[in-house]
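# Observations on chain architecture
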Amino acid sequence: MSSDWQPRLPPRIRVALIDVDEPGARVLDDPALISPEEAARARRFRGESLERRYRRAHAALRLLLSRETGCAPALLPISTRDGGKPFLPGSTVSFNLSHSGPLAAVALASGLEVGVDVEAPRRLHGDALSLAARFYHPEECRMLTAVPGRGREAAFLRLWTARESLVKALGAGLDQMPGDFNAAPLLEGAQAVEWGGWTVRVMPAPAGAFAAVAAPGAGWGYELVSPFWLA
Ligand SMILES: CC(C)(COP(=O)(O)OP(=O)(O)OC[C@H]1O[C@@H](n2cnc3c(N)ncnc32)[C@H](O)[C@@H]1OP(=O)(O)O)[C@@H](O)C(=O)NCCC(=O)NCCS
């Protein structure tokens, strides 16, 4: 049967924003949820809280992927592309993970690349304008200069998450940030910006935190989902 008349719904992206320090996240401590490599990497973190957060973020990713694919969490054959972006070989399910302080973001999509970034509330290591001068578009720098006081750090992080989510959707690294990407409209109330056929959308995040998701095209939406183990 032809599928020509099937409704063409825009692809959806689902994003779980998780506070891995919450009591309900204890379920993520099950050692059977992560791979031996991830367990070994977790042990290299200095400090119990950093180790626990890393383990829980990766367990959350694997639990959500397991639900999507039917494969046991620790057995999911997560691999990495050139550039470091994790992916599931042979699957149409794409995903991306971000973690910052107690927050983790897991984005899942089917049939389109996705990048996600979350930044927990924090002070910058350095001056926002000097950092922006190194990394940001001139229009973003100009707008940041006009923001007074602590609001400037918040604006900086708003832009940072947008830029990181795009880089992560592209699967690129620090050296491949598109020089002409300009997220400045996000500081004037825009909820999305486009670059080279990709769209970056800001997402609601806990007070003082910022989050963004990026994917190709403009005809997609995202929904924030509650992780099923906390529901
Ligand atoms: C790879 C990179 C994108 C990770 O970003 P980060 O903010 O340090 O960390 P996040 O928590 O958001 O993401 C880390 C996760 O992304 C995934 N990841 C790693 N490399 C990736 C890549 N190249 N593309 C997409 N996702 C990647 C992994 O799941 C990783 O988790 P892990 O380290 O626990 O295994 C970062 O190292 C990088 O190169 N960033 C580009 C920075 C940049 O150009 N910024 C300009 C804007 S200011």
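To be clear, the structure that these remarks concern was listed above.
In this report, we go over the structure that sits alongside the text. Because the structure is predicted, anything quoted here is derived from the model rather than measured. (Residues numbered from 1 in each chain as written. Predicted model: local features only at pLDDT ≥ 70, side-chain atom pairs only at ≥ 80, totals over all residues.)

### A word on the site of the ligand
- Neighbouring the ligand are 20 residues, the closest being Gly84, Lys85, Ser98, Arg163 and Lys168.
- Those elements that provide at least two residues to the shell around the ligand are strand 4 (93–100), strand 6 (115–119) and helix 5 (151–170).
- With 5 residues, helix 5 is the single largest residue contributor to the shell around the ligand.
- Of the residues contributing to the shell around the ligand, the split by class is 7 nonpolar, 8 polar and 5 charged. (Near = placed C-beta within 6 Å. Helix = DSSP H or I, 4+ residues; strand = E, 2+ residues; numbered from the N terminus. Nonpolar A, V, L, I, M, F, W, Y, C, P; charged D, E, K, R; others polar.)

### Quick notes on the sheet that holds strand 8 (residues 198–203)
- With respect to topology, 4 strands assemble into an open sheet ordered 6-9-8-7, the strand pairing being antiparallel. A strand with exactly one partner marks an edge of an open sheet, and here the two such strands are strand 6 and strand 7 (192–195). With strand direction ignored, the average angle separating the axes of adjacent strands in the sheet is 20°.
- Of the pairings in the sheet, the one linking strand 6 to strand 9 (residues 210–216) comprises 5 bridges and is antiparallel in character. Bridged to Val118 within strand 9 is Ala211. (Pairing = 2+ DSSP bridges. Axes fitted to C-alpha atoms, helices over the stretch in contact; angles between N-to-C directions.)

### Some details on the pairing of strand 1 (residues 12–19)
- The pairing of strand 1 with strand 10 (residues 221–224) spans 4 bridges and is parallel. Each bridged residue has a counterpart across the sheet, and for Ile13 the counterpart in strand 10 is Tyr222.
- As judged from the 7 bridges shared by strand 1 and strand 5 (residues 103–110), these two strands associate in the antiparallel manner. Looking at the pairing, Ile13 lines up with Ala109 of strand 5.

### Examining the sheet that holds strand 10
- Taken together, 4 strands build an open sheet; the order of strands is 4-5-1-10 and the sheet is mixed. Two strands bound the open sheet, and with one partner strand each, they are strand 4 and strand 10. Ignoring strand direction, the axes of neighbouring strands in this sheet form an average angle of 20°.
- In this fold helix 2 (residues 48–69) packs onto strand 1, strand 4 and strand 5, with an angle of close to 160° to the strand it touches most, strand 4. (Contact = placed C-beta atoms within 7 Å.)

### Digging into the nonpolar core
- Membership of the largest hydrophobic core comes to 64 residues, with the highest contact counts inside it found for Ala60, Ala105, Val106, Ala107 and Val213.
- Among the elements that line this core, the one with the most residues is helix 5, at 10 residues. (Core = buried A, V, L, I, M, F, W, Y, C linked by C-beta atoms within 7 Å. Buried ≥ 20, exposed ≤ 12 C-beta atoms within 10 Å, placed from the backbone.)

### Digging into the environment of Ser130
- Turning to its location among the elements, Ser130 is positioned in helix 3 (residues 128–135).
- Between the C-alpha atom of Ser130 and that of Ala184, which follows or precedes it by 54 residues, the distance is 17 Å.

### Overview of the environment of Glu153
- Relative to the helices and strands, Glu153 is located in helix 5.
- Residues Glu153 and Arg122, 31 residues apart in the sequence, show an inter-C-alpha distance of 8.9 Å.

### Thoughts on the packing of helix 1 (residues 36–43) against helix 2
- At a closest axis distance of 8 Å, the pairing of helix 1 and helix 2 adopts a crossing angle of 160°. Taken together, the axis directions place helix 1 and helix 2 in an arrangement best described as roughly antiparallel. The interaxial crossing formed by helix 1 with helix 2 has right-handed handedness. Between helix 1 and helix 2, the contacting residues are Glu38, Ala42 and Arg43 on the first element and Glu51, Tyr54, Arg55 and His58 on the second.
- For the contact of helix 1 with helix 2, a count of residues per class yields 2 nonpolar, 1 polar and 4 charged. (Parallel < 35°, antiparallel > 145°, perpendicular 65-115°, else oblique. Left-handed = near helix turned anticlockwise from the far one by under 90°.)

### Description of the packing of helix 3 against helix 5
- At a minimum axis separation of 10 Å, helix 3 and helix 5 run at an interaxial angle of 25°. Relative to helix 5, the element helix 3 lies roughly parallel. Once helix 3 is placed against helix 5, the crossing between them reads as left-handed. The segment helix 3 lies against helix 5, with Ala128, Leu131 and Ala132 engaging Arg152, Glu153 and Phe156.
- Here the contact of helix 3 with helix 5 is built from residues that sort into 4 nonpolar, no polar and 2 charged.

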